[in-house]
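Structural features, examined
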Amino acid sequence: MKLYNTLSRQIDELKPINKPEVSIYTCGPTVYDYPHIGNWFTFIRYDLLVRSLKAHNYKTKWVLNITDVGHLVSDADQGEDKLVKKALKENKDAYAIAKLYTDYFISGLSRLNILKPDFMPKATDHIQEQIDFIKVLEEKGLTYKISDGIYFDVAKFPQYIKLARLNLEDQVDGARVEVNPEKHRQIDFALWKFSPSSGKRDMEWDSPWGKGFPGWHIECSAMALKYLGPTMDIHAGGIDHIPVHHTNEIAQSEAANGQPLANIWFHTSHLSIDGSKISKSLDNGINLEDIESRNISLEAFRLLVIQSNYINQSQFTFELLSGAQSSLKNLIRDFSWIYSGVKTNNENKQLRTNIARTKRSMLDFMADNLNTPRALSALHELASYVSNLNQISDDDILVIEKFNIFVNELFGINIVKKISLTNDQKKLISDRKNYRLDKNWDKADESRKILEEQGIGLRDVGEASLWFPLD
Ligand code: AMP
Ligand code: ZN
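Predicted model only: the values in this text are computed from it and were never measured.

Now for the packing of aromatic side chains. Overall, the coordinates contain 15 aromatic pairs when judged by the stated rule. For the pair Trp40 and Phe43, a centre-to-centre distance of 5.6 Å together with 75° between the ring planes defines the contact as edge-to-face. Remark: Phe43 and Trp40 occur in helix α1 (residues 37–55); sequence separation between them is three residues, near one turn of the helix. No difference in accessibility class separates Trp40 from Phe43, as the two residues are buried. With a centroid separation of 5.1 Å and an interplanar angle of 10°, the aromatic rings of Phe152 and Phe189 are classed as stacked. With Phe152 in strand β8 (residues 149–152) and Phe189 in strand β9 (residues 189–194), the pair connects residues that are 37 residues apart, well separated along the chain. On the basis of relative accessible area, Phe152 is assigned to the buried category, the value being 0%. Taking the relative accessible area as the measure of exposure, Phe189 reaches 2% and is therefore buried. Ring pairs connect the aromatic residues Trp40, Phe43, Tyr46 and Phe105, which therefore count as one cluster. Here the guanidinium or amino end of Arg201 rests over the ring plane of Phe213, the centre of that ring lying 3.5 Å away. The ring centre of Phe318 lies 3.6 Å from the NZ or CZ of Arg294, which sits over that ring.

Conventions used here
- Residues numbered from 1 in each chain as written.
- Chains lettered and ligands numbered in written order.
- Predicted model: local features only at pLDDT ≥ 70, side-chain atom pairs only at ≥ 80, totals over all residues.
- Heavy atoms only, no water.
- Phe/Tyr/Trp six-rings, centres within 6.5 Å; stacked < 30°, edge-to-face > 60°.
- Helix = DSSP H or I, 4+ residues; strand = E, 2+ residues; numbered from the N terminus.
- Buried < 20%, exposed > 50% of the residue type's maximum accessible area, 1.4 Å probe, protein only.
- Lys NZ or Arg CZ within 6 Å of the ring centre and 35° of its normal.

If you want it as C-alpha cells, here you go:
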C-alpha cells in the first residue's frame, strides 16, 4: 500500500511497525455544531482508507478523537473556546453542547456507513493524560508560563518546521497569528490555558499550574500516546491541519517521546462550494439533512466522495451529487437484474474471470495512494459487462452476491439489491409481456409506468423482461 506522505512530500510505501497491524489516528470533529459535507468528505475518506487497509488484509487499529474542549476560535490559541461560544449563544452548558453534537456525529457515522473506529476518545475524558504529558514537556524545559497559560517554546524544538516546511525567518511575528505580546514567539502555542480570573468556566480542571483547560493540540498527542504508543503508522487529517495543529502535535509528541509521531502523514484536500472552502465559520455549509430533503440518498453522497481523488480539491454542486445518485442507480440496475434473469445451468466462466480481474484492479488502485476514482472505473467496466448478460445460473448469482460483499466492504456501498415482487407486480410484468407480444405498445408502456412508479425498472432482452429496483 502506497500513500502520499506530507512529511516526505512523496508517495511512500506503508511499512507497518507491527505488521499486519496498522495504527491510525485521525483528527475528529470539534463538537460545537453539525458537521457540514466538507467535514463528512474527510470522515468518509478516513473510512475509505481504513476499508482499503482491511481489504489488503491489514488489521487496523483506528482512533478518531472527539474535540470537546480547548479548540479556540482562532487556531492560534486566541479568542473563545468554540464550544463555550456556542453554549453562550444558545444559553446552554458547554457539556450539553458537546453531548448534542457528539451524539449527532456518531449517528452520522452510521447513517453514512462509516466503520466504527476502534476508539473514539473525548478530550474531556483525558484531562489527566494531558496534564501528565505537559508535565513531561515541563521537565524537559520546553515550556514557559505567561499570564494566560503554559506555552510550548518552539525555539527549543528546531524540527518544528519539518511537516509544513515553514520558513520561520519569513514568518513576521503576528502575520500568521494574532499577537500576544507576552509570548516569546508568536508561533509558540498553548498547552494549558488558565480559566479567566472572573467567573467560572463550564469546563475547567485543577492542574499543577492552576485551574484551566488544555490547549487544543495536546489532546491528540496525549490520546495518540495512550491508545497507539509513541509512534503510529498513519496520522490523518484535513490539509488545514498541516501548518498548525499537526505541526504542533509533532513538536509536543516528538519532544516528549523522542521518536517520530507518525510514519505517514495523510492529508485530505478540501471540499469547496462556489469557489470557497466549506467552513463552519463561513456559514456556507450544507449538511446531511439538506441532501436528504432533496431525495438524494446518503449512499449517493458516499459515491460522490469515492468519485473524487482525496489529493485534489473537490467542488461541490447539487448537479454533481445528482450525477452520483444516477450513477449509483445505474450500478444497481446493472447488477440487480440477476434475480429476474433467464435461468441456465451453465456456469459463466467469463463472469468469474472478469470479477477476479476487477477485484484485483480495484485493490491495486486503492493501494496506489487510495485512487478511488480509478477503482470505481474498474467497477463500472464490470457493470457494463454484467448488464449485457441475460442468462444466469444459481451459482452465477452467488458469485455476484459475493462480489457485492467485496464492494460493500471496500467502498461501503451496495450494488446488488434484492426485492420481492407483490402478486400484482408479477401480474403487471406478465401482462406487459403479453401486450408486447400483441404489439400493443401503449398498454405495455402503461404497465411499465405503473411499475416504475413503484420503484421497479424493466429491461427487455429478447422475449425476457428483466426487472430490478430503481433505487
Ligand atoms: P472540525 O470539526 O472543524 O475540527 O473539522 C473536522 C475535520 O474536517 C478536520 O479534519 C478538517 O480538516 C476537516 N474539514 C474542515 N473543513 C473541510 C472542508 N471544507 N472539506 C474537507 N474537510 C474539511
Ligand atoms: Zn488532532
